[in-house]
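The residues making up each chain are set out below.
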Amino acid sequence: MRLISKLFNLNDPGWGRGNQNGNEPPRRPQGNGDGPPDLDEVWRDFNNRIGAIFGRKGGGGRGNRPTGTGGAPSSPRNTRIGLGVIVVVLVALWLASGFYIVQEGQVAVVTQFGKYKSTSQAGFQWRLPYPFQNQETVNVSQLRTFEVGFRGSSRNKVLPEALMLTTDENIVDMQFVVQYRLRADGAPDYLFRTRDPDEAVRQAAETAMREVVGKKPMDYVLYEGRTNVATEVQTLMQQILDRYHTGTQVSTVAIQNVQPPEQVQAAFDDAVKAGQDRERQINEGQAYANQVVPLAAGQASRMNEQAEGYKAKVIGDAEGNTARFNSIANEYRKAPAVMRERMYLETMQEIYTRSSKVMIDAKDGNNMLYLPIDKIIQQAAQDAGKQAPATGGSLPGASQPAIPQPPRTSGQQSGNSGSNSNTLPRDRLSR
């Protein structure tokens, strides 16, 4: 061990100045002797020390050639010990080369003789040293992004990627961004299953977008269906990448811009304005219809209700008149004379109540009497109105039975009551 310590003792002032084994004369230093030793001398001294461990005589010439001056050889025991220590040190260094550190957010894929062996997570790890095993670190937390249809900004278009055909045979300019990352368990697939996985993701994104847009009409892609298109593209992309075993997970598909080609942009704007005018007129017509239709429906409902009410009233009046006529007819059959007289009197009462004529008896006497005919008629009408509910007067429209008229006397006359004064016999006024 002292030999090994002496061999690697960097504080030895004899490095590069000869006499390393104690039997070699010291060499004269070049210059003033105070400067550092020459590198060639240091290398020569190092070789001499190694040779002493293995029993080789030290030499003072250039290039480790022996100088011819004799030296005491090392013992076989020291030689074996030195050789064993060197082997142990080399084996320890070789085994230590298997230690490695995996950073947070990364995984290490360990291969054994070039074949996948295991996946190591973040931390201080160890594997069999080279050439038995080797590792390759993959960043699984990095969010990878690429653009399709443009580079950097929407003005830097890539038309071969951006132009796509819709189902109604129109061309749209589609520009979108895809973000993806590696799955923790997909690192072996990312390294060994696909030759260029990033390019595979790009091609899958373009293929999925063309397929989805090719099944949709132009207006759907430009306006109301942009979010749905992005969702469908992300789902289809993931299916394609899983089928290819790329080990990637699609995070986001964002459509940045979609528009018609620049060559037909003006015509397309005119078509859009016409469509907007059409929608506006449709909305106005719909608003007018929403205002008129309920009003008409309300009027129709009101008329139907009025008709139903009138129908119920007419039917009720008819049924009431019918019941009244039947009751009168039954009573008439029991006492025809009494009923005939009663009907006659009621009819005369009804007629005279509404009449403006006054019947007087002018057989004899010529005394004049002033009568307020208009007041008498008004008072008679009021009395008849009070008596009508009590007597159950006849309903309008009811059919009346034929009433035999009594013979008129020769002394009865009719006079006109339209004037305020009449010439009447005072003692012959009839009731």
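These numbers were taken from a predicted model, which means no experiment stands behind them.

**A word on the overall build of the chain**
Within the chain, the secondary structure is distributed over 11 helices and 13 strands. Burial statistics for the chain: of 431 residues in total, 25% are counted as buried. At a minimum sequence separation of 6, the contacts of the chain that also span at least 24 residues come to 68%. Summed over all atoms, the accessible surface of the chain reaches about 29100 Å², with 54% contributed by carbon and sulfur.

**Structural notes on helix H10 (residues 336-354)**
Since one α-helical turn is 3.6 residues long, residues separated by three or four positions face the same way. Between the first and last C-alpha of H10 there are 27 Å, a value that for 19 residues agrees with the 27 Å anticipated at 1.5 Å per step. Of the positions making up H10, those classed as buried are Met339, Met343, Tyr344 and Met348. When H10 is viewed along its axis, its buried side chains cluster within an angular range of 165° and face the same direction. Along its buried surface, H10 packs onto helix H9 (265-334).

**Some details on the packing of aromatic side chains**
Counted by the stated rule, this structure contains five aromatic pairs. Aromatic pair Phe113 and Phe132: ring centres 5.9 Å apart, planes at 75°, arrangement edge-to-face. One end of the pair, Phe113, is in the loop between strand S2 (106-112) and strand S3 (115-120); the other, Phe132, is in the loop between strand S4 (123-126) and strand S5 (133-139), with 19 residues separating them in the sequence. Phe113 sits in the exposed class, given a relative accessible area of 59%. Ring centres of Phe146 and Tyr180 lie 5.9 Å apart, and the angle between their planes is 65°; on these two criteria the pair is classed as edge-to-face. Placement of the pair is Phe146 in strand S6 (residues 144-148) and Tyr180 in strand S10 (residues 171-182), with a sequence separation of 34 residues. Of the residues examined, Tyr180 reaches a relative accessible area of 4% and is grouped as buried. A connected cluster of aromatic rings, assembled from ring pairs, spans Trp94, Phe113 and Phe132.

**Some details on the pairing of strand S8 (residues 153-157)**
Sheet topology places strand S7 (residues 150-151) next to S8; two bridges connect them, and they run antiparallel. In the strand pairing of S8, Arg151 is matched with Ser153. In textbook terms, the turn of a hairpin is the stretch between consecutive antiparallel strands, and for S7 and S8 this stretch comprises one residue, one of which, Gly152, has a positive phi near 85°.

Rules used in this analysis
- Residues numbered from 1 in each chain as written.
- Predicted model: local features only at pLDDT ≥ 70, side-chain atom pairs only at ≥ 80, totals over all residues.
- Heavy atoms only, no water.
- Helix = DSSP H or I, 4+ residues; strand = E, 2+ residues; numbered from the N terminus.
- Buried < 20%, exposed > 50% of the residue type's maximum accessible area, 1.4 Å probe, protein only.
- Contact = heavy atoms within 4.5 Å.
- Areas by Shrake-Rupley, 256 points an atom, 1.4 Å probe, with all protein chains shown as cover.
- Expected span 1.5 Å × (residues − 1).
- Arc of directions from axis to C-beta.
- Phe/Tyr/Trp six-rings, centres within 6.5 Å; stacked < 30°, edge-to-face > 60°.
- Pairing = 2+ DSSP bridges.

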